[in-house]
Structures are given as C-alpha cells and as structure tokens.
Amino acid sequence: MTTADRISALLEKHPVWDGHNDLPWELREQSFYDLDAVDVGRRLTTTHTDLPRLREGGVGAQFWSVYVPSTLQGGAAVTATLEQIDCVHRLVERYPDTLRLALTAADVEQAWSEGRIASLMGAEGGHSIDGSLAVLRMLLTLGVRYMTLTHNDNVPWADSATDEEVLGGLSAFGEDVVREMNRIGMLVDLSHTSAGTMRHALRVTRAPVIFSHSSARTVCDVPRNVPDDVLGTLATNGGVCMVTFVPQFVSPAVAAWRAEGAQAAAAEGIRSADIGAFEPFVARWQAEHPQPRTTLSDVVAHVEHVREVAGIEHVGLGGDYDGTPSLPEGLEDVTGYPRLLAALAERGWSDADLGRLCSGNVLRVLRDAEAVADG
C-alpha cells in the first residue's frame, strides 16, 4: 500500500476535525454574506476553503470561526458576531447534503455516518459577549461550542498575548466566565491569550481546554504560541493544542520578518494587532521586503514538538485557513491535510496516532466537556 492509499484509508475512519477556519469572515469581506456571489459549493480561487476542497482534504468536522475584530466593541461586536453565526447557519441550510450543524460529539459522529461535514462554531474573542454571561449563554444556544477568551487586544477580564499585560491573567469576572463555560459545556479556547491567562484559566477550569489554532513557542518564539510548561499541563487537564499553519507562528524566519514589518508599521502609527490596518500595510511593505519561505516541514516540527511535550492525546490541527494572507508550501488550502499526514506517516507515525491527531483527541475533549456540564 502506498502512503497516499494509507492516508486515504485513514481519513475514511478518522476524518480531519480542524479547529479554526475564518471562511465566514472572508465571506463578509468579499460579498457581505451574499452566498450567490461567493458560492462555496464549487471550487473557488478567492478563498482557501470551499466544499469540494474540504472533501478533497479529508475534512469531516470544522469549527467555523465566528470572528469579529476587537476594533469592534460593545453592542457592535455582539451584532457582528450574530451576523457571523447567521452566516454559518445559512451555509448549512444552503448545502444540506454536505454540511450538518453539530452541537455535540454525538452530532459530529452522526454527521460522519451520513457522509456530511460536521459544522461547529467558535467565537474568537471575549469582546463578543460584551461582558455579559447572558450573551455567552445565548451564543451557546445558537450553536457556538467554544470561545477564545481574547483576540489581539485585552478584554477587561483577560490579557491577550499581543497586548500589554494588565491583569497577569484573569480578573475575578474572567474566572466566572471560565466557570460558566464549564457549566454550560462550552470549550475554553486559550489561543490568542497571554501565557498568564493560559496558566490562570488552566487553574480555574474543571473541563479540558483547547488551543484552537496555536503552535509551540519553543519551536517559534512568538507570544501567540504555547510555552512548554503550558503544553505539559495539557496532559493533566486533558486538553488539546491544535497546531496552526500560519507562517509567522511556525517559522522563526517569518516571525522575525513580521516583527520587522511591525516596527515599520509602528513608525507610521499602525498597530500590528489591528489586522484591518496592518495586513494592507504588510502587503505593500513586502514588495521591497519579501517574506521568507515556509514549508510543510515547519508545521511538522510543531506537531511533533507538541506530541513530545504534551503527549499524543493532546495534539490536533487548527489551520486558520482564510484567516491568514499566506500559508506554507504544501498547505496552501484545505486540500493540504493529506500531505501533512503523509509526511508524519513517513516519519513513523502509526495509524492510531494519526487518527488521534485528525479528530480523536478533539472528539474526546468535547465529550469530556459535555460530561463536566452534565455533572
């Protein structure tokens, strides 16, 4: 059996469950949710994601990010989050033969049995709840299964990885948010949070946490990645770090290039945390400062490091497709997962371990969170 045949057979049993895809925001940016104008039911050239390519990539479950930028605050952030959620519901309604809304681990398995892609949602940033536990509960009612505690900026109750440290972790209300998420069965996502917030949340939570799209700080030393001591804690917490493919989080050379771009942007009064302003700046700046190459092997290094430090039961995949302007060679769109799995297979990964990486680990985490909520 060839490696390609082996991976194809593996994905029949263990489809990829990706932790983070920003297609809903990309649909907002390109057409303000006009699903006729950007028809993801056919192969596209303007996105990293569409339904034919998800099939080709072996994706069987997707956490769709219902992201809104942290430049939106208060009621505007809540409204935009609801619009994002509406987009996911409309996608599921428009493509019922391919997508199935999933609220539980059992729903995911049911979708697989029907040959459909389980569609879950994750809110990216605590600003989406505007300081209200009631809004948090309503997001769950609408189908949101995880919330990232912060995005690029602090919220009043938690520190972000890419903002100035204020609290050193969580406030008392931040602890309440984590406890309420445990109670209602919503996964706590620690991507984008500061190391202090990661450690504080891990002390408070009774349920396993996830990092929906983060890599290993030892391999690429940027604040968005997870330190080894936190990865080690996942072994006792039961959580999962879903390795991301974003070049500046996986390649030290790209991280250094990005930092240089951030300095150049700051000289013009543009904050690197302000994606809406910074990304257009970088697009212009890189004409004279080309971005270094990033390859699939860079991602392999992170996957193997997380496995080494946290353990095979605590690693997953969170590509961040349609949430980054560039991707590693070999992982340019959602068809790339089989190539990554093949590279790992050739490095000695067993089918059982590849199955855990693809979806087994996150399926267990969601079941465990449901058990904590029921208990």
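Shown above is the structure to which this text applies.
Participant: Help me understand the pattern of salt bridges in this model?
Facilitator: Note on pairing: side chains with opposite charge can pair once their charged atoms come close. Within the structure shown, the criterion is met by 22 salt bridges. One salt bridge connects Arg 43 with Glu 56, and the closest N-O pair in it is separated by 2.9 Å. Within this pair, whereas Arg 43 is found in the loop between helix H2 (23–31) and helix H3 (51–56), its partner Glu 56 is found in helix H3, the two being separated by 13 residues in sequence. Salt-bridge contacts for Asp 107 lead to Arg 100; the nearest nitrogen and oxygen are separated by 3.8 Å. Within the structure, one salt-bridge network assembled from shared partners comprises Arg 100, Asp 107, Glu 114 and Arg 116.

Participant: For this particular structure, what's the right way to read the packing of helix H7 (residues 172–184) against helix H8 (residues 195–204)?
Facilitator: How two helices sit against one another is set out by the angle between their axes and by the gap between those axes. Packing of H7 against H8 leaves a shortest axis separation of 10 Å and a crossing angle of 50°. By the angle class used here, H7 and H8 are oblique. In this structure, the crossing between H7 and H8 has a hand that is right-handed. The residues of H8 that touch H7, namely those facing Glu 175, Val 178, Arg 179 and Asn 182, are His 200, Ala 201 and Val 204. Taken together, the residues of the contact of H7 with H8 sort by class into three nonpolar, two polar and two charged.

Conventions used here
- Residues numbered from 1 in each chain as written.
- Predicted model: local features only at pLDDT ≥ 70, side-chain atom pairs only at ≥ 80, totals over all residues.
- Heavy atoms only, no water.
- Salt bridge = Lys/Arg side-chain N within 4 Å of Asp/Glu carboxyl O.
- Helix = DSSP H or I, 4+ residues; strand = E, 2+ residues; numbered from the N terminus.
- Axes fitted to C-alpha atoms, helices over the stretch in contact; angles between N-to-C directions.
- Parallel < 35°, antiparallel > 145°, perpendicular 65-115°, else oblique.
- Left-handed = near helix turned anticlockwise from the far one by under 90°.
- Contact = heavy atoms within 4.5 Å.
- Nonpolar A, V, L, I, M, F, W, Y, C, P; charged D, E, K, R; others polar.

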